[in-house]
Amino acid sequence: MNCTLLETRKTLSFLLRSCTAHSAALQCHAQSFVQGLLPNTVLQTDLLLVYSKLGLLHEARKVFDRMLDRKNMYPWNVMIASYAQNCMYSDALMVFREFKYFGFRPDHYTLPPLFKASVGVDDGCIGSTCHGLVIRLGYEGYVVVANSVLEFYVKYGAVLQACCVFSNMLCRDTVTWNLMILGLGRAGLCSDAMSCFREMLSLDRMMRVDFMTLPSVLNACGKEGDLLKVREVHGYVVRSFGFDVDAAIGNALIDVYGKCGCLKDSEKVFRTMSRLNLVTWTTVISCYGAHGKGEESLLLFKKMVDEGFRPNPVTLTAILASCSRSGLIDQGKQIFSSIRSDYGFEPSVEHYTCMVDLLSRCGYLLEALQLLESMKSSETGSMWGALLAGCVMHKNVEVGQIAAHRLFQLEPNNASNYVALCGIYQSLGMVDRLSSIRAKMRDLGLVKIPACSWINRAGRTHIRPRGPVSSTSSNDLQNTNYLNHDLRVENLLHDDDTLAMGLYL
DNA sequence: TTAGGGTTAG
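Since the model is a prediction, treat every value here as computed from it, not as a measurement. (Residues numbered from 1 in each chain as written. Chains lettered and ligands numbered in written order. Predicted model: local features only at pLDDT ≥ 70, side-chain atom pairs only at ≥ 80, totals over all residues. Heavy atoms only, no water.)

**Remarks on the overall build of chain A**
Argument step 1. Along the backbone of chain A there are 27 helices and 3 strands.
Argument step 2. Taking all 505 residues of chain A together, the buried fraction comes to 46%.
Argument step 3. For chain A, contacts bridging at least 24 residues in sequence account for 60% of all contacts bridging at least 6.
Argument step 4. Surface exposure of chain A reaches about 25800 Å², of which carbon and sulfur atoms provide 54%. (Helix = DSSP H or I, 4+ residues; strand = E, 2+ residues; numbered from the N terminus. Buried < 20%, exposed > 50% of the residue type's maximum accessible area, 1.4 Å probe, protein only. Contact = heavy atoms within 4.5 Å. Areas by Shrake-Rupley, 256 points an atom, 1.4 Å probe, with all protein chains shown as cover.)

In structure tokens:
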């Protein structure tokens, strides 16, 4: 390549790296072609990067496929990462298979997207095998790689394994702590999540709590329903970030106050937020709905649409659930029919469940049954459970028996369904049938687990069973500190993973 | 020249 062409190539590389628009990238690409600079590994890699950055995966793949130099790891890593970042997990894994075919060994750039892809395709074996590779190839010391391993176990719902990885990590940073708090909170180990947060607060500057830590911490507080802790964390948020917070923190605050029964506080946070997103609207709609304020939820839904936000399936579930809790039958029916016609989604299992619940609560039991029998999605216990609950409420034995017998097939070990049917028979004085169901429960060895309440008193959570039983300390139940488990990483890997590692290397 | 984290329903 002569000096002029080299200069042109360098200029185009510089321009490509600063491209922020599709048209500019296309112009640079065209110029590269016209100037006779292609194929060239450096320029093609720059094109691959810019198309990936702009989310133009089809263009990126075309560039990748035309690259003649397949010995360079860099484009492979970029292609795998681009697919993973754009949720095209199967494509990422296919490129990785090809990568292996060419005899490459993954490096510390290759592995993080593979963990993401493993979670994306819901295949724990891939992540587990990659974990084996991390150990075998000695990448445990790279904090980004180690965090990806941790993220895999957190997102895959394997909290014990996540704790094990966390305990054995050679280096940690803010992302590590954020992931661990997230994992503990998602697993319902809320006290452990809070302990983890407090430990993080006591660390030095390198591990400083950042804006991404707080939604997970708040989420854990919400699951526990501990208002005292919520206020404590909210105080920390205001001291650190002021009142006008990042959308995700604001959304978590709205949600958590709603879950603790403080709708007024949810409203206050909502009013002070300047950066709203679709999740904000969905959360606030859901909060009003959960507090039985369906009319307000509908007004917010309308305002959201007027402000240009297009509801997603989660928003539609939230508004349907709000209608259901408030018995707003006409509005609920109208929204349900608009899911396909106005918003272009196929109604999901969740949408059907809300609709069956709404119809059942309002006494339209035959209509609910017809809806269940007509739907294309696969039926779930929740749907039939909603219908059965409506039958109990409205003392309808005919539909109730259909729902109960369907539930006996779907959930053979769930005593609640038998108890619900007994409730219908009892309310109608059908003594023989009541005795028959109770006898069946005895034969099957089914026992209804008594309901209980969780009460927070002076910062301690107590469990109060129904009936005249004294309260039990939470310590009786939550006496496990997961982070202090003596765990060895080797125990996380199955024989199959070891075998896969052996085959690979 | 490439890799990582948060919030919403049921």
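Anyway, onward from the coordinates.
**Describing the packing of aromatic side chains**
Where two aromatic rings form a pair, the distance of their centres and the angle of their planes describe that pair.
Argument step 1. Inspection of every chain in the model, using the stated rule, returns 17 aromatic pairs.
Argument step 2. Relative to Phe-152, the ring of Phe-115 has its centre 6.0 Å away and its plane inclined at 45°; by these criteria the two rings are tilted. Pair noted here: Phe-115 is in helix H7 (residues 111–120) and Phe-152 is in helix H9 (residues 143–155), with a separation of 37 residues, a long-range link. Accessibility classification places Phe-115 together with Phe-152 in one group, the buried group.
Argument step 3. Relative to Tyr-153, the ring of Phe-152 has its centre 4.7 Å away and its plane inclined at 55°; by these criteria the two rings are tilted.
Argument step 4. Residue Phe-152 is classed as buried on the basis of its relative accessible area of 2%.
Argument step 5. Taking relative accessible area as the criterion, Tyr-153 reaches 4% and is therefore assigned buried.
Argument step 6. Linked through ring pairs, Phe-64, Trp-76, Phe-96, Phe-99, Tyr-101, Phe-102 and Phe-104 together constitute an aromatic cluster.
Argument step 7. Between the NZ or CZ atom of Arg-70 and the centre of the ring of Phe-64, over which it lies, the distance is 4.6 Å.
Argument step 8. Positioned above the aromatic ring of Phe-166, the side-chain terminus of Arg-172 is 4.0 Å from the ring centre. (Phe/Tyr/Trp six-rings, centres within 6.5 Å; stacked < 30°, edge-to-face > 60°. Lys NZ or Arg CZ within 6 Å of the ring centre and 35° of its normal.)

**What about the side chain of Asn-251?**
Argument step 1. Within the fold, Asn-251 resides in helix H15 (residues 247–259).
Argument step 2. Of the residues examined, Asn-251 reaches a relative accessible area of 6% and is grouped as buried.
Argument step 3. In contact with Asn-251, other than residues within four places in its own chain, are Met-273, Asn-277, Val-279, Thr-280 and Thr-283.

**Looking at the protein's contact with DNA strand B**
Argument step 1. In the neighbourhood of DNA strand B, 42 residues make up the surrounding shell, with Asn-147, Asn-178, Asp-246, Asn-251 and Glu-350 lying closest.
Argument step 2. The protein-proximal atoms of DNA strand B, defined as those within 4 Å of the protein, are 46% sugar or phosphate.
Argument step 3. A distance of 3.0 Å separates a phosphate oxygen of DNA strand B from a polar side-chain atom of Gln-85.
Argument step 4. The side chain of Arg-325 places a nitrogen or oxygen atom 2.7 Å from a phosphate oxygen of DNA strand B.
Argument step 5. Listing elements by their share of the surface near DNA strand B, those giving two or more residues are helix H5 (73–85), H7, H9, helix H11 (174–186), helix H13 (213–224), H15, helix H17 (278–290) and helix H19 (313–326).
Argument step 6. Of the residues in the surface near DNA strand B, the class split is 18 nonpolar, 13 polar and 11 charged. (Near = heavy atom within 4 Å. Polar contact = N/O pair within 3.5 Å; in protein donor to acceptor, adjacent residues only side chain to side chain. Nonpolar A, V, L, I, M, F, W, Y, C, P; charged D, E, K, R; others polar.)

**Re the pattern of salt bridges**
Argument step 1. Overall, the coordinates contain 18 salt bridges when judged by the stated rule.
Argument step 2. Where Lys-302 meets Asp-306, a salt bridge forms, and the shortest distance between an N and an O atom there is 3.1 Å. Here the residue Lys-302 and the residue Asp-306 both occupy positions in helix H18 (residues 294–306), the gap between them amounting to 4 residues, near one helical turn. (Salt bridge = Lys/Arg side-chain N within 4 Å of Asp/Glu carboxyl O.)

**Observations concerning the side chain of Ser-118**
Argument step 1. Along the polypeptide, Ser-118 turns up in helix H7.
Argument step 2. Accessibility expressed as a relative area gives 0% for Ser-118, which makes it buried.
Argument step 3. Apart from residues lying up to four places away in sequence, Ser-118 is in contact with Asp-123, Gly-124, Ile-126, Gly-127 and Phe-152.

**So, the environment of Arg-70**
Argument step 1. With respect to the helices and strands, the residue Arg-70 is situated in the loop between helix H4 (57–65) and H5.
Argument step 2. C-alpha separation for the pair Arg-70 and Thr-41, spaced 29 residues apart in sequence, amounts to 9.3 Å.
Argument step 3. When residues no more than four places from it in sequence are discounted, the contact partners of Arg-70 are Phe-64, Asp-65, Trp-76, Glu-98, Phe-102 and Phe-104.

**Some thoughts on the packing of H18 against H19**
Argument step 1. Running from N to C, H18 and H19 cross one another at 155°; their axes reach a closest spacing of 8 Å. When the interaxial angle is binned, H18 and H19 end up roughly antiparallel. Every pair of crossing elements has a handedness; the one defined by H18 and H19 is left-handed. Contact with H18, carried on its side by Gly-294, Ser-297, Leu-298, Phe-301 and Met-304, involves Thr-315, Leu-316, Ile-319, Ser-322, Cys-323 and Ser-326 of H19 and no other residues of that element.
Argument step 2. Class assignment of the residues belonging to the contact of H18 with H19 gives a composition of 6 nonpolar, 5 polar and no charged. (Axes fitted to C-alpha atoms, helices over the stretch in contact; angles between N-to-C directions. Parallel < 35°, antiparallel > 145°, perpendicular 65-115°, else oblique. Left-handed = near helix turned anticlockwise from the far one by under 90°.)

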